[in-house]
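Coordinates in review
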Amino acid sequence: MDTPSIKAVFFDIDGTLVSFKTHKVSSRVVTALKKLQKRGIKIFVATGRGKDGLAVIKDIPFDGYITLNGQFCFTQERIIYENFIARNELAILLDELKKEPFPCGFTMKNGKVFNYRDQRVDAIHAITHNDNQPAGDVSHVLDEKVYQCMCFIDEKKEKQLLAKMKNCTSGRWHPLFTDISPLGGTKQNGIDQFLKYYDIDLSETMAFGDGGNDVAMLKHVAYAVAMGNGEEAVKEIADYVTDSVDEDGVVTALNHFHLLS
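Reading the values: rules and limits
Residues numbered from 1 in each chain as written. Predicted model: local features only at pLDDT ≥ 70, side-chain atom pairs only at ≥ 80, totals over all residues. Heavy atoms only, no water. Helix = DSSP H or I, 4+ residues; strand = E, 2+ residues; numbered from the N terminus. Rg over C-alpha atoms; globule rule 2.2 N^0.38 Å. Buried < 20%, exposed > 50% of the residue type's maximum accessible area, 1.4 Å probe, protein only. Contact = heavy atoms within 4.5 Å. Phe/Tyr/Trp six-rings, centres within 6.5 Å; stacked < 30°, edge-to-face > 60°.

**Brief notes about the overall build of the chain**
Helix and strand counts for the chain come out as eight helices and 13 strands. For 261 residues, the compact-globule estimate of 2.2 N^0.38 gives 18 Å, and the C-alpha radius of gyration of the chain, at 18 Å, lies within 12% of that figure. Here the chain holds 261 residues, and the buried ones make up 54% of them. Taking contacts inside the chain between residues at least 6 apart in sequence as the whole, the part at least 24 apart equals 58%.

**Looking at the packing of aromatic side chains**
The description of two aromatic rings rests on the distance between their centres and on the angle between their planes. Using the criterion set out here, one finds 16 aromatic pairs in the structure. Relative to Phe-208, the ring of Phe-11 lies with its centre 4.9 Å away and its plane at 25°, an arrangement referred to as stacked. Remark: Phe-208 occurs in strand β11 (residues 205-209) and Phe-11 occurs in strand β1 (residues 8-11); sequence separation between them is 197 residues. Each member of the pair, Phe-11 as well as Phe-208, carries the same accessibility label: buried. With a centroid separation of 5.3 Å and 40° between ring planes, the pair formed by Phe-72 and Phe-74 is classed as tilted. A residue is classified by how much of its surface remains accessible, and Phe-72, at 1% relative accessible area, is buried. Aromatic ring contacts, followed pair by pair, group Phe-62, Tyr-65, Phe-72, Phe-74, Phe-84 and Tyr-147 into a single cluster.

Here it is as structure tokens:
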């Protein structure tokens, strides 16, 4: 295959960079990402995690961070873009939680708080090692900048909730929960924000992902890579399906496209 002209690569974290088994980025992947930078290629994360969940990638000096599925985007020096849920939309959600309680994590700039926790929340934390935040009174969120809500509901309830929260959208990578976020801030919008900031063309982009909340991002970039452990819907729209995260699939794909040599 001819080497594509790539100037920016975007990586999902969980299941893409970080193994669900080890909860780490392998040393081979860290070395490969740093090599990309040495070759003049910008590297970015594009994740559903918040800023407080990025310790797992602390050893990699990314050029930018698309967090909370695109709601909060920043570099090491400055905020590039932020988008938060309107107060009236949060009021609708709080009302729903009173009528039909379910675990919900409200994510702000530097942390998250749950209304309550149960075995579903603990099950996700066992996978991500990123959802051990406290639970308690959440009425104060009406006066906070809330970028995303982690709602432990099924797809039927998700549709019912979005019908009421009309200025919000959702992204799901696990059957136990969905992330509710405001319209406008998506991973693909985050990509566009950084392309404008660094003056890079969309035709010079590549992205890696494994879950349902990566599909729109992968459709958006010039070259889409699906992880071998990814969902079938992700693999179907990818330009290349690589090895699994536990087989260093990121390195395999970068070698396939001759970006490391």
